[in-house]
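Per-entry structural report
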Amino acid sequence: MEEENAVELLQRFRRDRRILLDFVLAGSLIKKVIMPPGAVTLDDVDLDQVSVDYVLNCAKKGGMLELSEAIRDYHDHTGLPQMSNSGSAGEFFLVTNPESYGSPPKRAPPPLPDYTPPAILAPPPVITPSIPDLDTSPVASSISQSESFNSTQVRELTVDDIEDFEDDDLDEADSLRISRRTRNDATDLALGLPSFKTGVTEDDLRETAYEILLACAGAAGGLIVPSKEKKKDKRSKLMRKLGRSRSENVVSQSQRAPGMVGLLEAMRVQMEISEAMDIRTRQGLLNALAGKVGKRMDALLVPLELLCCISRSEFSDKKAYIRWQKRQLNILEEGLLNHTAVGFGESGRKASELRVLLAKIEESESLPPSTGELQRTECLRSLREITAPLAERPARGDLTGEVCHWADGYHLNVRLYEKLLVSVFDMLDEGKLTQEVEEILELLKSTWRVLGITETIHYTCYAWVLFRQHVITSEQGILQHAIEQLKKIPLKEQRGPQERLHLKSLHSRVEGKQGFQDLSFLQSFLSPIQKWADKQLGDYHLHFAEVSVMMENIVTVAMITRRLLLEEPEAAAMQSTSATDRDQIESYISSSIKNAFTRILQSLENSDTKHEHHLALLAEETKKLLKKDTTLFMPILSQRHPQATAVSSSLLHRLYGNKLKPFLGGAEHLTEDVVSVFPATDNLEQYMMELILSSCGEETAEIYSKKIVPYQIESISGTLVMRWVNSQLARILGWVERAIQQERWDPISPQQRHGSSIVEVFRIVEETVDQFFELKVPMRSSELSCLFRGVDNAFQVYANHVIDKLATKEDLIPPVPILTRYSKEVGIKAFVKKELFDPRLPDERRSTEINIRTTPTLCVQLNTLYYAINELNKLEDSICERWTRKKPRRSFTNKSIDVKSKSLTQKDTFDGSRQDINAAIDRICEFTGTKIIFWDLREPFINNLYKPSVSLSRFEAVIEPLDTELGQLCDIIVEPLRDRIVTSLLQATLDGLLRVLLDGGPSRVFSLGDAKLLEEDLEILKEFFISGGDGLPRGVVENQVSRVRLVVKLHSYETRELIEDLRSSSGLEMQGGRSKLGADSKTLLRILCHRGDSEASQFVKKQYKIPKSSA
């Protein structure tokens, strides 16, 4: 493959050398050009045989140039390196403009093939009649002619054209050559055919193919020999050679000769055949057919007939003739011996004779003229006797003599047909088809009988030629034509039985990487196309990054060639691993994704990743790759594999997971790397899952999700976050304990009448919450619930600490005196004595704790708890809002995740701490009211009110100290808690008043006349708390006072009525009812015990055995 590329490059260098040499000879650098003997114009001179060094020396000296001396100098120095003869090693000549052409080529030209020219002998005598006035030279020789299709040669330059040369034309030619396409490497598309044993070159095949085309055209009567005279044009013929504009191309085509003559002329130009060679071949074929009545020209043994009909005298240079003869002999050997259509019946005897004759003909050129010509003539006669029967053997069912089988032995014939097909490309723009493409293809059908071409072979060869040209030029139009031809190749069942048998017989044995392989015809031509397409699609991210439309066409090519090759038994066995098109598409995706991912890894390894963890960067780059894959390539691949996106996403998930796994195993804490990698990874995985779900149905997505091993970022991250949250909550509890211990319950300021500890607690809590939401790692609702519970617990602990050592009501309220009946003599004295020594009074330590809780302290505590509730509400709203913005990751397999997240958020609130704080506020309010009445005002209220009688100790005496306490409360307590604490004070006041009225002890005696005074005192109490509308609402006060009002009203009833009501209530209470007066029996009993008359005393003594106060 590399050797073929080197030969092709050598041919291109040779063609450029001829063009530049022609330019030097046609310019003004040479004073005069003297033609060699037998040559009239430069058309008759083979420029490949002219020494460049000799020409340049003549140009430098400004003298005349004898081309015969230049040719002799070339042959004298053929084996030596090409260099200037100026004598100075530092001098050299440039034939191009280095500024416009850029830097020189970095690669060296390929080596010249080893060739030893034979001795120059006298020309042999002429065998066939010569053409009058015909002096031509083979411009295109077997080694010098190029296979390139972008040559713009119209015809060779003559001396007459030198006068018409203008400098402006050179500038135009340079610009045209610079604008030519850049050719891509197509060596991977080399046919799977064995090489030729005789060393036949690409130029040999091209020239032979043209000779066959002329023979087939002659069979149709379209072969004529053009006249030698050429039209002269004022425009330089050099310009026609180097380049012409597209408009000129159209004009020249429109002015082309009509019919077969014009088409053959176009083919000659397209195939880069010189006019001299064309005329020589046409005349030779016509001479060969002379005298052979009924013989078709395409049934001639073309190389043999040309050898017999074209003499040495028709060549101006013997070396050119020797090369031409060698080509004909090689083609005969390849067609009749090496690659025959029908094998030899005998054991190789004729084959050996044929090889001997071919060698003798070649050897005759080195003999003396007379001897050599005689040997050549005899050998040609013997050669005709042997080759005619061999070439005319029937094959493929044809009749004897119908077709001459000398070039249809598969390997040779398809290579010749390939050279004919190459002529369809425009010489000016090798990425376009010429306008005569339909005519050319129709003309080429005439060669099918000679070359053994069938419809399947034609479409296959043409598709390969078009596809190879697309690879060289990257032209999409050519690729579309190639696809059309591939679609025309009939499938196995669409071919006729004869064609199936014929194709089955076409095999070649080629040496490959795994040894020798037997390839069928379709494998030889389509396998290179398929391998090239597979190679491109195996890394489509690299090859089609900019042109996704081209990728779609290449996928089509790959699928068509794959379908055709699967019908070949050998190819089907080799491709058994990819049974379906979907499997093949998956292999493309897998290969390209892996290659692209590897390039990302390499780029990250070579880049500076100190600022961010490489796995985080890898996740970002992988997501970019997946986005590009989904946007550009998946719409194309999904046409043949609906789940292509899911395949791509799944593979990238696994590739990234392999790199991520070691990192996850070592993640134990929320480090900087974890915080960097986890969010990027989770974002990538979520994007992959969304792609899978969107590209597939739910059932298919579920199947792919089961195949995927999740990264478990959510679970691992949740564990780390939970560990972090627990450590922060322990820190918060420590701050709560410390803040409570340091709290002195002094207001922060007149405006901020709460304690400083709650501010400190909220500061640390808010810092923790901020840090929680600054964590960019994935987290679930459970981590939020943990945070909620921890903060909620911290405030519950705080509230419990505030009321931890708060005294109970039993500690504040003195014991109830023993119930006694009225005794006029000693009741008061005995009762007082009993009270003074009651063992249930609180001890000294407890009294100290109660006294520490002063009214201002209690108010600050209440304000602090109220501040905590307000800030908790704000904190709760803030957390819920930030959590909503954060949006916990959604799982594509769980549809109800959003509903669950919402319900969890609703359940996770600070209701527990709010409940405990409100309970603590109620407890402190109750304690404050009770302490003021039963502890701070015990002496004036509980002990001395209504002693010794109501008239002597009215409630007005208590109003002043009570007003002082109430004023102190209202000065410190915050406005929202004012009514709440005052209501507690009202309740405690009413409790104290009931204590005085019902359990006042023997020292308190009430009479029927005290009822009115008590009513007045109760009204004073009510109006005190209403305070003219500035205090408690009247309705609230009325509701609270109502229970005391009933007791006061009982004091207005006669003793007899009270006794009767008490007697009746005892039975009613058993049934769950009340007495007529609306009181229970216990209340009525206490009213009678404190009634200062004998009737009441006797009744309670007799009925309830209540002792006298003295007892």
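This part is about the overall build of the protein chain. Along the protein chain, the regular secondary structure elements total 46 helices and four strands. Here the protein chain holds 1111 residues, and the buried ones make up 52% of them. A separation of at least 24 residues holds for 80% of the contacts in the protein chain among residues at least 6 apart in sequence. Carbon and sulfur atoms make up 52% of the accessible area of the protein chain, which amounts to about 51,800 Å² in all.

On to the pattern of salt bridges, then. Inspection of every chain in the model, using the stated rule, returns 45 salt bridges. When the shortest N-O distance is used, the salt bridge between Arg978 and Asp979 registers 2.9 Å.

Our focus in this paragraph is the packing of helix α12 (residues 318-338) against helix α13 (residues 349-363). The geometry of α12 relative to α13 is characterised by a closest axis approach of 10 Å and an angle of 175° between their N-to-C directions. Viewed along their axes, α12 and α13 adopt a mutual orientation that is roughly antiparallel. Two secondary-structure elements touch here, α12 through Gln325, Lys326, Leu329, Leu332, Glu333, Leu336, Leu337 and Asn338 and α13 through Ala351, Leu354, Arg355, Leu358, Ile361 and Glu362.

Cis peptide bonds are those with omega within 30 degrees of zero, and the linkage from Lys947 to Pro948 qualifies with -5°. Looking at the element boundaries, Pro948 is found in the loop between α39 (938-943) and α40 (956-972). If you check the backbone angles, Gln712 has positive phi at about 60° while not being a glycine. Following the sequence through the fold, Gln712 ends up in the loop between α29 (698-707) and α30 (713-742). With a phi angle near 60°, Trp745 is a residue other than glycine that sits in the positive phi range. By the element assignment, Trp745 lies in the loop between α30 and α31 (756-774). Classification of Trp745 as buried rests on a relative accessible area of 13%.

What follows concerns helix α45 (residues 1081-1089). For an α-helix, the turn length of 3.6 residues means that residues three or four places apart are oriented alike. Counting buried residues in α45 gives seven out of nine residues, a clear majority hidden from the surface. Burial in α45 covers these residues: Ser1081, Thr1083, Leu1084, Leu1085, Ile1087, Leu1088 and Cys1089.

Let us now look at helix α10 (residues 275-289). Here α10 contains 15 residues, and its C-alpha end-to-end distance of 21 Å stays within 8% of the 21 Å for a straight helix at 1.5 Å per residue. With eleven of 15 residues buried, α10 is to be regarded as a mostly interior element. Along α10, the positions that sit buried rather than exposed are Ala276, Met277, Asp278, Ile279, Arg280, Thr281, Arg282, Gln283, Gly284, Leu285 and Ala288. Packed against the buried residues of α10 are α6 (202-219), α9 (259-270) and α11 (302-309). Looking one or two places after α10, you find Gly291, whose phi comes out positive at around 85°.

All chains considered together, the criterion is met by 17 aromatic pairs. Pairing Phe467 with Trp532 gives two aromatic rings, centres 5.3 Å apart and planes at 85°, and the pair type is edge-to-face. Of the two residues, Phe467 sits in helix α18 (residues 455-473) while Trp532 sits in helix α21 (residues 521-537), which places them 65 residues apart along the sequence. Residue classification places Phe467 among the buried positions, given a relative accessible area of 1%. With a centroid separation of 6.2 Å and 70° between ring planes, the pair formed by Phe1099 and Tyr1104 is classed as edge-to-face. Over the ring of Trp735 we find Arg763; its NZ or CZ atom is 5.4 Å from the centre of that ring.

Looking at the element boundaries, His458 is found in helix α18. Filtering out sequence-adjacent residues up to four positions away, His458 remains in contact with Tyr417, Leu421, Leu441, Trp448 and Ile453.

Right, let's get into the state of the cysteines. Taken as a whole and assessed by the stated rule, the structure comprises zero disulfides. Distance from the sulfur of Cys308, which forms no disulfide, to the nearest cysteine sulfur (Cys309) is 6.2 Å.

As a further point, take the confidence of the model for the protein chain. For any part of a model where pLDDT is low, the fine detail of the predicted coordinates should not be relied upon. With 78% of its residues at a pLDDT of 70 or more, the protein chain shows a mean pLDDT of 79. The low-confidence segment residues 115-179 (pLDDT under 50) makes 190 contacts with residues lying over four places distant or belonging to another chain. Counting contacts from residues 230-254, a segment whose pLDDT is below 50, to residues more than four positions away or on other chains yields 59 contacts.

Turning our attention to the side chain of Arg1004. Relative to the elements of secondary structure, Arg1004 occurs in the loop between α41 (975-998) and α42 (1010-1026). Accessibility expressed as a relative area gives 3% for Arg1004, which makes it buried. Polar contacts involving the side chain of Arg1004 include one to the main-chain carbonyl oxygen of Ile942, which spans 2.7 Å. For Arg1004, the contacting residues outside a window of four places in its chain are Phe941, Ile942, Asn943, Asn944, Leu945, Tyr946, Lys947, Val996 and His1090.

So, about the environment of Leu421. Among the secondary structure elements, Leu421 is positioned in helix α15 (residues 411-421). The class of Leu421 is buried, set by a relative accessible area of 0%. If near-sequence neighbours (up to four positions away) are discounted, Leu421 is found in contact with Leu441, Leu444, His458, Cys461, Tyr462 and Val465.

Calculation criteria
- Residues numbered from 1 in each chain as written.
- Predicted model: local features only at pLDDT ≥ 70, side-chain atom pairs only at ≥ 80, totals over all residues.
- Heavy atoms only, no water.
- Helix = DSSP H or I, 4+ residues; strand = E, 2+ residues; numbered from the N terminus.
- Buried < 20%, exposed > 50% of the residue type's maximum accessible area, 1.4 Å probe, protein only.
- Contact = heavy atoms within 4.5 Å.
- Areas by Shrake-Rupley, 256 points an atom, 1.4 Å probe, with all protein chains shown as cover.
- Salt bridge = Lys/Arg side-chain N within 4 Å of Asp/Glu carboxyl O.
- Axes fitted to C-alpha atoms, helices over the stretch in contact; angles between N-to-C directions.
- Parallel < 35°, antiparallel > 145°, perpendicular 65-115°, else oblique.
- Expected span 1.5 Å × (residues − 1).
- Phe/Tyr/Trp six-rings, centres within 6.5 Å; stacked < 30°, edge-to-face > 60°.
- Lys NZ or Arg CZ within 6 Å of the ring centre and 35° of its normal.
- Disulfide = S-S within 2.5 Å.
- pLDDT = per-residue confidence, 0-100.
- Polar contact = N/O pair within 3.5 Å; in protein donor to acceptor, adjacent residues only side chain to side chain.

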